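Descriptive structure summary
Letter by letter, the chains look like this.
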Amino acid sequence: MANAASGMAVDDECKLKFLELKSKRNYRFITFKIEQQQVIVDKIGSPDENYEDFTNSLPRDECRYAVFDFDFITDENCQKSKIFFIAWAPDTAKVRAKMVYASSKDRFKRELDGIQVELQATDPSEMSFDIVKSRAL
Amino acid sequence: MYGGDEVSAIVVDLGSHTCKAGYAGEDAPKAVFPSVIGSIDQMEVDENDNSEKNSEPKSKGKRKLYVGSSAMGYRRDHMEVLSSIKDGIVTDWDIVESIWDHAFRECLLVDPKEHPMLLAEPSSNTQQQREKAAELMFEKYQAPALFLAKNAVLTSFASGRATSLVVDSGGGSTIVAPVHDGYVLQKAVSASPIGGELLTDCLMKSLESKGVKIRPRYSFKRKEVRPGEFQTVDLDFPNTTESYRLYCQRVIASDIKECVCRAPDTPYDDTSYSNIPMTAYELPDGQTIEIGSDRFKTPDVLFNPSLIKTIPGMEGSVDIASSARGLPQMVIESINKCDVDIRRELFSSILLAGGTASMQQLKERLEKDLLEESPQAARVKVLASGNSTERRFSVWIGGSILASLGSFQQMWFSKSEYEEHGSSYIQRKCP
């Protein structure tokens, strides 16, 4: 466990929804928030939503965690997908929220088995579509 | 597990220059006072001390220690100024104890028996230091629970990042520490002894060489002879120690530094800064001084330590000038010691923290220098909280939030665990 971890609990719903995203692929993305000392599911995106819908679903000045199932085509014309974990902590969020989300991240991420790429973003430019694409390849 | 419902934890960040202490959950530390203390050997002045009416002194064996802003502000015969911390590591635990005592009993007015304690520690703290801190807290203060959190991790978390490169420029040193997923990567930490105090000394010596005499507050009296007109009378105290005189001068010089200094946009050189306009500053004794190129030269020492050699009177620090590296080099060196996979992320989240990092234009200058020296593909981003309190106290604020979280209460190293496993258990509880 990381030094100075917050000890925040994780709601089972988070793991279940993540498993569905991973194996059944019936969600495009899931966002999570921390409420009452535990991480819970915030919003869910259907498979036909795109990356823009996903970024729009993140609040502008509050922190969130999110997983996004990213489909792309490699240089060899191969259809692939990767699961991204994104820690969203905008600079404009309250210090308290930033502290809570950052200190709970390690533990929460461990609960989600199968994340391939991890990203931390503090403003929209750090999780632009180009960056996501370059990290996936 | 420490299971109290009401958690009113105390958070203490003992830095090399200032000690920050306060209640967890608050926005800023309640008590901020110097981490240096005054000490008088008892042998010499035994009679004097009995007659002196002062609530602060505490007897510690053969010496009497004076702690806190007000106790330090009062001049005493033969009082030496001592520091408990050298190169970021505690060397004198008696002094630390006296500082904790002062924080708990005189500033916060709490009984340490009733409050869990979260202590911030330097990233490179040794195992022995941690165990010693745990021992003191549980044995002497009988604290119900304890947690040690690393400075760099607290700063990183408080900015919302679990991975970042923390540049902590404080009073006694500058430490660059990479944090990855909440762990400090110890092997890649780089440190230099150039901090705010050294800059203050540079400024002071440079001004002295130009004929400015900084008179300590105790060495004169000002009287209003006519409304608006003052007369300064020199006072002589032959028994004042050299270290106390220096301490008082530094207090003034450090205020000058905070008021006028600004990191230059490009590396400093004498010729291009010889014609810049002077800035006026009024010293406590009423004389007004004009500060010119030193405004820029002093902060540039952080970027180019060899500048120290050009300042008259800083001969004692020539070692530092030749061995220490500038801030951008430290950052790059530290990042290059990390795994290739995380370098990009570190470059794009460089966090500034500590008192010296609040220097005007420091962030812009560091970003510019790093852009020039970093690999092409890297996206360099230097971040500092816009709020100066948050920047100065980021470590304390991080600790304050953490210790006040309901979910954190299961993480404390409790007194019963200490009694069962001993002080070495701290390494398990607070890795």
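This text goes with the structure placed above it.
Anyway, here's the lowdown on the structure attached to this text. Just so you know, these numbers come straight off a predicted model, no measurement behind them.

A word on unusual backbone geometry
Despite not being glycine, Gln36 of chain A has its phi angle at roughly 45 degrees, a positive value. Tracing the backbone shows Gln36 of chain A in the loop between strand E2 (29–35) and strand E3 (38–45). Even without glycine at this site, Gln142 of chain B takes up a positive phi of about 55 degrees. Positionally, Gln142 of chain B belongs in the loop between helix H4 (127–140) and strand E11 (145–150). Looking at Gln142 of chain B, the relative accessible area reads 32%, which means it is partly exposed.

Quick look at the environment of Asp113 of chain A
Residues and elements named next belong to chain A. Mapping Asp113 onto the fold places it in the loop between helix H3 (95–111) and strand E6 (117–121). Its relative accessible area of 58% is what places Asp113 among the exposed residues. In this structure the C-alpha to C-alpha distance between Asp113 and Ile86, which are 27 residues apart in sequence, comes to 14 Å. Residues in contact with Asp113, not counting those within four places in the same chain, are Phe18 and Lys22.

Notes on the side chain of Ser334 of chain B
Considering the arrangement of structural elements, one finds Ser334 of chain B in helix H10 (residues 327–336). Excluding anything up to four places from it in sequence, Ser334 of chain B contacts Leu165, Val176, Pro178, Ala188 and Ser190 of chain B.

Some details on empty space enclosed by the protein
Counted by the stated rule, this structure contains 1 cavity of 30 Å³ or more. Approximately 50 Å³ is the volume found for the largest cavity. If you trace the largest cavity, you find 13 residues lining it, with Ala87, Ala89, Tyr101 and Ala102 of chain A together with Gly160 of chain B closest to the centre. Looking at the lining of the largest cavity, the elements that each hand over two or more residues are strand E4 (64–73), strand E5 (79–88) and H3 of chain A. Grouping the constituent residues of the lining of the largest cavity by class yields 7 nonpolar, 2 polar and 4 charged.

Rules behind the numbers
- All residue numbers here refer to positions counted from 1 along the written sequence of the relevant chain.
- Naming scheme: in the order in which they are written, chains are lettered from A and ligands are numbered from 1.
- At least 70 in pLDDT is required for a residue's local features to be given in this predicted model, at least 80 for side-chain atom pairs to be given and counted, and no such filter applies to totals for whole chains, interfaces and linings, which use all residues.
- Only heavy atoms go into the side-chain values, all of them from the structure, while hydrogens and water stay out.
- Helix and strand definitions follow DSSP, with helices as H or I runs of at least four residues and strands as E runs of at least two, each counted in order from the N terminus.
- Think of it in three bands: residues with accessible area under 20% of the maximum for their type are buried, residues over 50% are exposed, and the middle band is partly exposed, with areas taken using a 1.4 Å probe on protein chains only.
- A contact between two residues is defined here by any heavy atoms of the two lying within 4.5 Å.
- A cavity here means a set of points on a 1 Å grid, drawn over the protein atoms and nothing else, where a 1.4 Å probe fits but cannot get out; a pocket is an open set with protein on both sides within 12 Å along at least five of seven lines, and a residue lines either one if it has an atom within 4 Å of a point.
- Grid points are joined across faces, edges and corners, and a volume is the space filled by probe spheres set on the points.
- Throughout this entry, Asp, Glu, Lys and Arg are counted as charged residues, while Ala, Val, Leu, Ile, Met, Phe, Trp, Tyr, Cys and Pro are counted as nonpolar. The remaining residues, Gly among them, count as polar.

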